[in-house]
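Structural characterization, general
Each chain, letter by letter, is given below.
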Amino acid sequence: SALSWLRYLRRPAGAKITSDRQRPLHTQDGQRRDTLQQQGALYALAAYTFWGVAPVYFVWVAFAEPLEVLAHRVLWALPLLAAMVSLSRTWTHLRTLPAPAFRRLALCAVLLSINWLTFIYAIQQERIAETALGYFVNPLVSILLGWMFLGEQMRPVQWLAAGLAGLGIITELMVTGQVPLLGLLLAFSFGFYGLVRKQTEVPAALGLGIETTLVAPLALIYLLVFHTGAAAPERTNSELALLALGGAVTVLPLVWFGAAAARLPLTILGFFQYLAPSISLIIAVAVYAEVVTTARWINLGFIWLGLLVFSLESVYVNRSQKLEGF
């Protein structure tokens, strides 16, 4: 293969050529695991960066009610998902999908719809900062769910990092005396979505396609009823184009997230989730001039410190494991 020739050309003079089949099995398994985790990290980076700037799109479509935006997201996502499943040639998995997997995907569809509707409503209510807080809480939820239901273990320094983030959230709740209901609903709905989706062995695009198809009849009925009423709004071509763009805004990051969830433990994937709310918070403050209280800045300081501790510890452990493999 091309990769083998590249290894041959780059080898030191006189070096012995060792194929992958000649390497010890544990070395091959370790390399495969490292490759999958690197791929998962790239998918997670793409997904959460996209989600970080997504509030801008939902501000653009604020002319429509949240349910109308949600219905358009679902219906316009279907053709894009069908194309992606065809290109990936994963239709064959549909015939062998067991009934329990369908039930889990139905649950995923419900959780995803709740998350989408809550997010759209919060953005239209000019509460971008609260959505950011919700997605800061989300990694803690993912870590907790991974530990409770999947038996994923965390090292002591990782618990310290999670504790710092949790301390920041508790501090804000104590200072402000308010429970950010929208933020918590976002965190728990998507946290449970990630948990259920991780336990469903279905290709990312196909799984999202099934989830969307299950919700599509309700979306279609809503739009038919909504647009035939006496007070039905008349949408311009530009408004319809913006609503149709919701298909791509919906599909791309979720496919990337599904691919990342299949390659990374929830304990690691959870901390990638800090990227999206950080970007959203910057947009809320710098672009839309939302006011962020001192208590929330303290909260964010604890969260970012926890993220730094987690990242440094992960880099140290990965390097140590690679050195032990030589």
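Cut-off values and rules
Residues numbered from 1 in each chain as written. Predicted model: local features only at pLDDT ≥ 70, side-chain atom pairs only at ≥ 80, totals over all residues. Heavy atoms only, no water. Helix = DSSP H or I, 4+ residues; strand = E, 2+ residues; numbered from the N terminus. Buried < 20%, exposed > 50% of the residue type's maximum accessible area, 1.4 Å probe, protein only. Contact = heavy atoms within 4.5 Å. Areas by Shrake-Rupley, 256 points an atom, 1.4 Å probe, with all protein chains shown as cover. 1 Å grid on protein atoms, 1.4 Å probe; cavity = no way out; pocket = protein on both sides within 12 Å on 5 of 7 lines; lining within 4 Å. Points joined across faces, edges and corners; volume = space filled by probe spheres on them. Nonpolar A, V, L, I, M, F, W, Y, C, P; charged D, E, K, R; others polar. Axes fitted to C-alpha atoms, helices over the stretch in contact; angles between N-to-C directions. Left-handed = near helix turned anticlockwise from the far one by under 90°.

Turning next to the overall build of the protein. Helix and strand counts for the protein come out as 13 helices and 0 strands. Overall, the protein shows an N-to-C arrangement of helices and strands of α-α-α-α-α-α-α-α-α-α-α-α-α. A burial count over the protein gives 44% of its 326 residues as buried. Considering only contacts within the protein whose residues lie at least 6 apart along the sequence, 87% involve residues at least 24 apart. Summed over its atoms, the accessible surface of the protein is roughly 17,500 Å², and 67% of this surface lies on carbon and sulfur atoms.

Let's shift gears to empty space enclosed by the protein. In total, this model carries 3 cavities of 30 Å³ or more according to the counting rule given. Estimated volume of the largest cavity: approximately 270 Å³. Surrounding the largest cavity, 20 residues form its lining, Trp 51, Asn 115, Phe 119, Tyr 135 and Phe 190 being those nearest its centre. Tallied by class, the residues present in the lining of the largest cavity amount to 14 nonpolar, 5 polar and 1 charged. Computed from the structure, the second largest cavity encloses a volume of approximately 60 Å³. If you trace the second largest cavity, you find it lined by Val 74, Ala 109, Leu 112, Ser 113, Trp 116, Leu 208, Glu 211, Thr 212 and Val 215.

Rolled over the atoms, a probe as big as a water molecule pinpoints where empty space is left. Considered as a void within the structure, the second largest pocket measures approximately 400 Å³ in volume. Lining the second largest pocket are 18 residues, and of these Val 202, Pro 203, Ala 204, Ala 259 and Ala 262 sit closest to its centre. Looking at the lining of the second largest pocket, the elements with two or more residues in it are α3 (66-88), α8 (181-198), α9 (204-228) and α10 (237-263). Broken down by element, the residue count for the lining of the second largest pocket peaks at 6 residues, all from α10. Here the residues of the lining of the second largest pocket are counted per class, giving 10 nonpolar, 4 polar and 4 charged.

What follows deals with the packing of helix α5 (residues 99-124) against helix α6 (residues 128-149). In helix packing, the relevant descriptors are the interaxial angle and the interaxial distance, both defined with respect to the helix axes. The contact between α5 and α6 brings their axes to 8 Å, and the two run at 145°. Crossing geometry of α5 relative to α6 is assigned as left-handed. Within the contact between the two elements, α5 uses Asn 115, Phe 119, Ala 122 and Ile 123 and α6 uses Ile 128, Thr 131 and Tyr 135. Taken together, the residues that form the contact of α5 with α6 break down as 5 nonpolar, 2 polar and no charged.

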